[in-house]
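The lines below spell out each chain.
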Amino acid sequence: KQEVTQIPAALSVPEGENLVLNCSFTDSAIYNLQWFRQDPGKGLTSLLLIQSSQREQTSGRLNASLDKSSGRSTLYIAASQPGDSATYLCAVGHNTDKLIFGTGTRLQVFP
Amino acid sequence: EAEVAQSPRYKITEKSQAVAFWCDPISGHATLYWYRQILGQGPELLVQFQDESVVDDSQLPKDRFSAERLKGVDSTLKIQPAELGDSAMYLCASSSRTGQEEKLFFGSGTQLSVL
């Protein structure tokens, strides 16, 4: 059974810092991996999607990497801003289209 | 920009009552998902539709939960009777697979509180 773990559970940083969020999964036979952002009481917004054949994806200040063999992904946020404060969730996809989510990292960026 | 629509936004009910949630996916999206998210946890899949057919409902508590997508467009999730442990955010998502890429679009969710 696939298990997805995210570390740390919570993170508080000053504005401007570069930071890394970690995601690990137990079954490396994945189809893809997605990173989502969730604001309090809201739905999820897809940030980056990495296919199993890819190593990384970039969007603006966000960069996500994938190492299938070690069962790990990282989300790198450059020059963090208060507006980045949210919960970040990773989810692994299998060929059944089913996503397995981690429990998220709650990020707070203070001015 | 097209969005996944969900209603109601909030629902408060007493245990043993019936509740229903509605979802309208992005136009043209054949795949629709209902997820349940308990506070502090990641979403868990309840049911997945491909057009009007159920693809996966293995995690749906079928003794009290039901879901339908009659015309392959909008969908309704029902709970009868509601229990205290059903308090959670219910999220609907839709996707349109393009090759190997499948990006999910989520609605804002329905926050259910069972008293």
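In the block above lies the structure referred to throughout.
Residues numbered from 1 in each chain as written. Chains lettered and ligands numbered in written order. Predicted model: local features only at pLDDT ≥ 70, side-chain atom pairs only at ≥ 80, totals over all residues. Heavy atoms only, no water.

### Focus on the sheet that holds strand β1 (residues 5-7) of chain B
All names here are of chain B.
Item 1. Pairing is antiparallel in the open sheet, where four strands are placed in the order β1-β3-β8-β7. Looking at the sheet topology across the chains shown, the edges are occupied by β1 and β7 (65-68). Pairs of neighbouring strands in the sheet enclose a mean axial angle of 15°, with direction left out of account.
Item 2. One ladder, built from four bridges, connects β7 with strand β8 (residues 75-79); its direction is antiparallel. In the strand pairing of β8, Ser66 is matched with Lys78. (Pairing = 2+ DSSP bridges. Helix = DSSP H or I, 4+ residues; strand = E, 2+ residues; numbered from the N terminus. Axes fitted to C-alpha atoms, helices over the stretch in contact; angles between N-to-C directions.)

### Re the packing of aromatic side chains
Item 1. Within the structure shown, the criterion is met by seven aromatic pairs over all chains.
Item 2. Ring geometry for Phe101 of chain A and Phe106 of chain B: centres 6.3 Å apart, planes at 75°, overall edge-to-face. Separated into two different chains, Phe101 of chain A in strand β10 (residues 99-101) and Phe106 of chain B in strand β10 (residues 104-106) make up a pair that spans both. Take Phe101 of chain A and Phe106 of chain B: they sit in the same class, and that class is buried.
Item 3. In textbook terms, an aromatic cluster arises when at least three aromatic residues are bridged by ring pairs, as seen for Phe36 and Phe101 of chain A together with Tyr33, Tyr35 and Phe106 of chain B.
Item 4. Here the basic side chain of Arg9 of chain B rests over the ring of Tyr10 of chain B, its NZ or CZ set 5.1 Å away from the ring centre. (Phe/Tyr/Trp six-rings, centres within 6.5 Å; stacked < 30°, edge-to-face > 60°. Buried < 20%, exposed > 50% of the residue type's maximum accessible area, 1.4 Å probe, protein only. Lys NZ or Arg CZ within 6 Å of the ring centre and 35° of its normal.)

### Focus on the interface of chain B and chain A
Item 1. Each side of the interface is counted separately: chain B has 24 residues, and chain A has 20 residues.
Item 2. Summing both partners gives a buried area of about 1,800 Å² for chain B against chain A, and 48% of it is carried by carbon and sulfur.
Item 3. At the junction of chain B with chain A, the criterion picks out zero salt bridges.
Item 4. When contributions to the side of chain B that touches chain A are tallied by element, the ones reaching two or more residues are β4 (31-37), β5 (44-50), β9 (88-95) and β10 of chain B.
Item 5. The greatest single-element share of the side of chain B that touches chain A, amounting to three residues, is contributed by β4 of chain B.
Item 6. Taken together, the residues of the side of chain B that touches chain A sort by class into eight nonpolar, ten polar and six charged. (Contact = heavy atoms within 4.5 Å. Buried area = accessible area lost by both parts, 1.4 Å probe. Salt bridge = Lys/Arg side-chain N within 4 Å of Asp/Glu carboxyl O. Nonpolar A, V, L, I, M, F, W, Y, C, P; charged D, E, K, R; others polar.)

### Section: the nonpolar core
Item 1. If you look at the biggest cluster of nonpolar residues, it comprises 23 residues, and the most contacted ones within it are Phe25, Leu33, Trp35, Leu75, Ile77, Tyr88 and Leu107 of chain A.
Item 2. Counting residues per element, the ones that place at least two in this core are β3 (19-25), β4 (32-38), β5 (44-51), β7 (62-67), β8 (72-77), β9 (86-93) and β11 (105-110) of chain A.
Item 3. Residue contacts for Leu107 of chain A: discarding those within four places in its chain leaves Leu11, Val13, Leu19, Ile77, Asp84, Ser85, Ala86 and Tyr88 of chain A.
Item 4. Counting residues in hydrophobic clusters, the runner-up holds 20 residues, among them Phe21, Cys23, Trp34 and Tyr90 of chain B. (Core = buried A, V, L, I, M, F, W, Y, C linked by side-chain atoms within 4.5 Å.)

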